[in-house]
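Descriptive structure summary
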Amino acid sequence: MINRLPLIAGNWKMHKTGDEAVAAAKQLKPLVAGAKDVEVMIAPPFTALYQVSTEIKGSAIGLGAQNVHWEPHGAYTGEIAPNMLLAAGCMYVIIGHSERRQFFGDTDQTINRKIRAAISVGLAPIFCIGETEAERDSGKTFYVLDKQIRNGLEGFVLQDLQALVIAYEPVWAIGTGKTATKEQAQEVHAHVRRRLAEMVGQGFADQLRILYGGSVKPSNIKELMAMPDVDGALVGGASLDPVTFSQLVLYKK
Ligand code: PEP
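Residues numbered from 1 in each chain as written. Predicted model: local features only at pLDDT ≥ 70, side-chain atom pairs only at ≥ 80, totals over all residues. Heavy atoms only, no water.

Quick notes on the overall build of the chain
- When helices and strands are counted, the chain shows 11 helices and eight strands.
- A globule of 253 residues ought to have a C-alpha radius of gyration of about 18 Å, and the chain, at 17 Å, matches this closely.
- In terms of its C-alpha atoms, the chain occupies a principal-axis envelope of roughly 50 × 45 × 35 Å.
- Relative to its full complement of 253 residues, the chain shows a buried share of 55%.
- The contacts in the chain between residues at least 6 apart in sequence include a share of 72% that link residues at least 24 apart. (Helix = DSSP H or I, 4+ residues; strand = E, 2+ residues; numbered from the N terminus. Rg over C-alpha atoms; globule rule 2.2 N^0.38 Å. Buried < 20%, exposed > 50% of the residue type's maximum accessible area, 1.4 Å probe, protein only. Contact = heavy atoms within 4.5 Å.)

Observations concerning the site of the ligand
- In the vicinity of the ligand, 14 residues are found, and the nearest of them are K13, H97, E169, G175 and S215.
- Here an oxygen atom of the ligand and a side-chain polar atom of K13 are 2.5 Å apart.
- Within the contact set of the ligand, an oxygen atom lies 2.7 Å away from a side-chain nitrogen or oxygen of E169.
- For the ligand, whose free accessible area comes to 290 Å², the fraction covered by protein is 95%.
- A per-class count over the shell around the ligand returns four nonpolar, eight polar and two charged. (Near = heavy atom within 4 Å. Polar contact = N/O pair within 3.5 Å; in protein donor to acceptor, adjacent residues only side chain to side chain. Areas by Shrake-Rupley, 256 points an atom, 1.4 Å probe, with all protein chains shown as cover. Nonpolar A, V, L, I, M, F, W, Y, C, P; charged D, E, K, R; others polar.)

Some points on the pairing of strand β4 (residues 92-95)
- The alternating pattern of β4 places Y92 and I94 and V93 and I95 on opposite faces, both of which are buried.
- Pairing of strand β3 (residues 61-65) with β4 involves two bridges; the strand directions are parallel. Bridge pairing in β4 links G64 to Y92.
- Crossover handedness for the path β3 to helix α3 (residues 82-87) to β4: right-handed. (Pairing = 2+ DSSP bridges. Right-handed = clockwise from strand over helix to strand, strands pointing away.)

Thoughts on the pattern of salt bridges
- Evaluated as defined, the whole model comprises 17 salt bridges.
- We note a salt bridge from K26 to E55, for which the minimum N-O separation is 3.7 Å. Remark: E55 occurs in helix α2 (residues 49-56) and K26 occurs in helix α1 (residues 18-32); sequence separation between them is 29 residues.
- Classification of E55 as buried rests on a relative accessible area of 15%.
- With a closest N to O distance of 3.7 Å, E71 and R113 form a salt bridge. Of this pair, E71 sits in the loop between β3 and α3 while R113 sits in helix α5 (residues 108-121), and the two are 42 residues apart along the sequence.
- E71 sits in the partly exposed class, given a relative accessible area of 25%.
- When salt bridges with common partners are traced through the structure, they connect R4, R193, D229 and D231 into a single cluster. (Salt bridge = Lys/Arg side-chain N within 4 Å of Asp/Glu carboxyl O.)

Some thoughts on the packing of aromatic side chains
- Considering all chains together, one arrives at two aromatic pairs under this definition.
- Centroid distance F103 to F104: 6.4 Å. Interplanar angle 75°. Geometry classified as edge-to-face.
- The ring of W12 has K16 sitting right over it, with the charged end atom 5.3 Å from the ring centre.
- Positioned over the ring face of F156 is R116, at 4.3 Å from the centre of the ring. (Phe/Tyr/Trp six-rings, centres within 6.5 Å; stacked < 30°, edge-to-face > 60°. Lys NZ or Arg CZ within 6 Å of the ring centre and 35° of its normal.)

Focus: the pairing of strand β2 (residues 39-43)
- Burial analysis of β2 places five of its five residues in the buried class, the great majority of the element.
- By the alternation rule, side chains of β2 split into E39, M41 and A43 and V40 and I42, which are all buried.
- Handedness of the strand β1 (residues 7-11)-α1-β2 crossover: right-handed.
- In this sheet, β3 lies alongside β2 in parallel orientation, the contact comprising three bridges. Considered in β3, the bridge of I42 is made with L63.

What about the environment of G175?
- Looking at the element boundaries, G175 is found in the loop between β6 (165-168) and α8 (182-200).
- Here G175 falls in the exposed class, since its relative accessible area comes to 74%.
- Through-space distance from the C-alpha of G175 to that of A75 is 34 Å; in sequence the pair is 100 residues apart.

Structure representation (structure tokens):
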């Protein structure tokens, strides 16, 4: 019996100061305190991480960052190293988000280095993949995803990847209000799991969590989570309001 603990992760992007993030985390805590059989994570901006980690200590909420650099230290102005995230209280780090790929030059190769760096300090990478609308329309979805997976995970062996989470985020569904149908999400998630089984082994693929991201909201989470290969959600817009986000976390109720 395969039992993958669902993960509902909130990506706060470039929203909320430290104080605003703490206030949101404080409000969220009691709202999700009763959540059972689900893991909750929030990823505030870097500047709020330490404050939020203090606020959520001992609660059901875990902490993640939205990006990381691949070197442990050095002359990389404006960048943040993996051990800094760990010291700020993070367990997770989102890597390769489509906004990073689109606006900040992240490539499959730098993403690969970031995943390696995160794993080296014990951070769990949430590795984002996804196709654009044009790629989907021209029938290239699986080709694009396969390439992102192959390059992003090149050189890794089974023991490196124990904490890996994959997030399938179709670019056309992020922040657009367009959601993949539950059938589209399931088709891709099953494909991704098959690829990982080929690359790393069936046992690994069976326990790998694959999140869906792209305009997830209270009205569609239940049907997405009902699909056999959807193991959670990476949520942008709907994670900013604690009440709405708690409804996502409590999707079973
Ligand atoms: C995201 O940015 O990861 C995301 C899925 O955003 P949204 O939920 O707003 O579409």
